[in-house]
Amino acid sequence: MGAGRAVSISLDGVRDKNLMQLKKLNSVLFPVRYNDKYYADALASGEFTKLAYYNDICVGSIACRIEKKEGGSIRVYIMTLGVLAPYRGLGIGTKLLNHVIELSHKQNIGEIYLHVQTNNEDAISFYKKFGFEITETIKNYYTNITPPDCYVVTKYIGGESQSKK
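Reading guide: rules and limits
- Residues numbered from 1 in each chain as written.
- Predicted model: local features only at pLDDT ≥ 70, side-chain atom pairs only at ≥ 80, totals over all residues.
- Heavy atoms only, no water.
- Salt bridge = Lys/Arg side-chain N within 4 Å of Asp/Glu carboxyl O.
- Buried < 20%, exposed > 50% of the residue type's maximum accessible area, 1.4 Å probe, protein only.
- Helix = DSSP H or I, 4+ residues; strand = E, 2+ residues; numbered from the N terminus.
- Pairing = 2+ DSSP bridges.
- Axes fitted to C-alpha atoms, helices over the stretch in contact; angles between N-to-C directions.
- Contact = heavy atoms within 4.5 Å.
- Phe/Tyr/Trp six-rings, centres within 6.5 Å; stacked < 30°, edge-to-face > 60°.
- Lys NZ or Arg CZ within 6 Å of the ring centre and 35° of its normal.
- Core = buried A, V, L, I, M, F, W, Y, C linked by side-chain atoms within 4.5 Å.
- pLDDT = per-residue confidence, 0-100.

(A) Quick look at the pattern of salt bridges. According to the stated counting rule, one finds nine salt bridges in the structure shown. Residue Glu67 is joined to Arg75 by a salt bridge in which the shortest nitrogen-to-oxygen separation is 3.0 Å. Given a relative accessible area of 22%, Arg75 falls into the partly exposed group. A salt bridge links Lys69 to Glu111; the shortest N-O distance between them is 2.8 Å. Of this pair, Lys69 sits in the loop between strand E3 (57–68) and strand E4 (74–83) while Glu111 sits in strand E5 (residues 111–117); the two residues are 42 residues apart in sequence, bridging distant segments of the chain. Within the structure, one salt-bridge network assembled from shared partners comprises Lys37, Asp41, Arg65, Glu67, Lys69, Arg75 and Glu111.

(B) How the structure looks around the sheet that holds E4. What the seven strands build is an open sheet, ordered E1-E2-E3-E4-E5-E7-E6; its pairing is mixed. Either end of the sheet is taken by a strand with one partner, and the two such strands are strand E1 (9–13) and strand E6 (133–138). The sheet shows a mean angle of 25° between the axes of neighbouring strands, taken without regard to direction. Where E5 meets strand E7 (residues 150–156), seven bridges bridge the pair, whose relative direction is antiparallel. Following the sheet pairing, His115 is matched in E7 by Val152. Across the sheet, helix H2 (residues 36–44) touches E3 and E4, and the angle it forms with E3 is around 85°. The sheet strands contacting helix H3 (residues 92–106) are E1, strand E2 (50–54), E3, E4, E5 and E7, and the helix crosses E4 at an angle near 170°.

(C) Structural context of the packing of aromatic side chains. Throughout the structure, instances matching the rule amount to nine aromatic pairs. Summarising the aromatic geometry, the rings of Tyr38 and Tyr39 are spaced 4.6 Å apart at their centres and angled 80° between planes, so their arrangement reads as edge-to-face. In terms of burial, Tyr38 and Tyr39 fall into one category: buried. Look at Tyr127 and Phe132: their rings are 5.3 Å apart centre to centre, the planes differ by 65°, and that puts the pair in the edge-to-face class. With a relative accessible area of 3%, Phe132 lands in the buried category. Through a chain of ring-to-ring contacts, three or more aromatic side chains come together here, namely Phe30, Tyr34, Tyr38 and Tyr39. Taking the ring centre of Tyr39 as reference, the NZ or CZ of Lys23 above it sits at 5.0 Å.

(D) Molecular detail of the nonpolar core. Counting 28 residues, the largest nonpolar core has Ile62, Ile78, Leu81, Leu97, Ile112, Tyr127 and Phe132 as the members making the most contacts within it. The set of elements that each furnish at least two residues to this core consists of E2, E3, E4, H3, E5 and helix H4 (121–128). Ranked by residue count, the leading element in this core is H3, at six residues.

(E) Main features of the confidence of the model for the protein. Confidence in the prediction of the protein, expressed as mean pLDDT, is 91, and 92% of residues score 70 or more. Counting contacts from residues 159–165, a segment whose pLDDT is below 50, to residues more than four positions away or on other chains yields 10 contacts.

The structure is reproduced here in structure tokens:
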């Protein structure tokens, strides 16, 4: 037979009844506390916010906010994407991000973006593998973590690049 058990990675929507799982994950994964607006935005994004399960254990999440730009077009802001340390490198973050990219594509949303702390090289290289690029640097974006600066990392669906070089 095979060289190991089949691993099951599944995604599930975030609803009122499992919102505490997202809150618990965030408290472990990120150095900041998120306010009620974050969770309201995550719930309002519908299919764009997901919990990830590894063999039925909740181990990761992606939480997005849907934003209207001037002119009426819509873009997706990834508020958080995280996987618990022991479960990294198993394709869970990839599955979460691919879900949002594919959903954006299906809904004709042309832009996905997020903020990444400038020293978070793992995150920067992860997003670059999916066609994201650094489009801006914001000084003193974070208030309680060092370094306080962040990059805006953007993926334009449909391939057009609009980076500010």
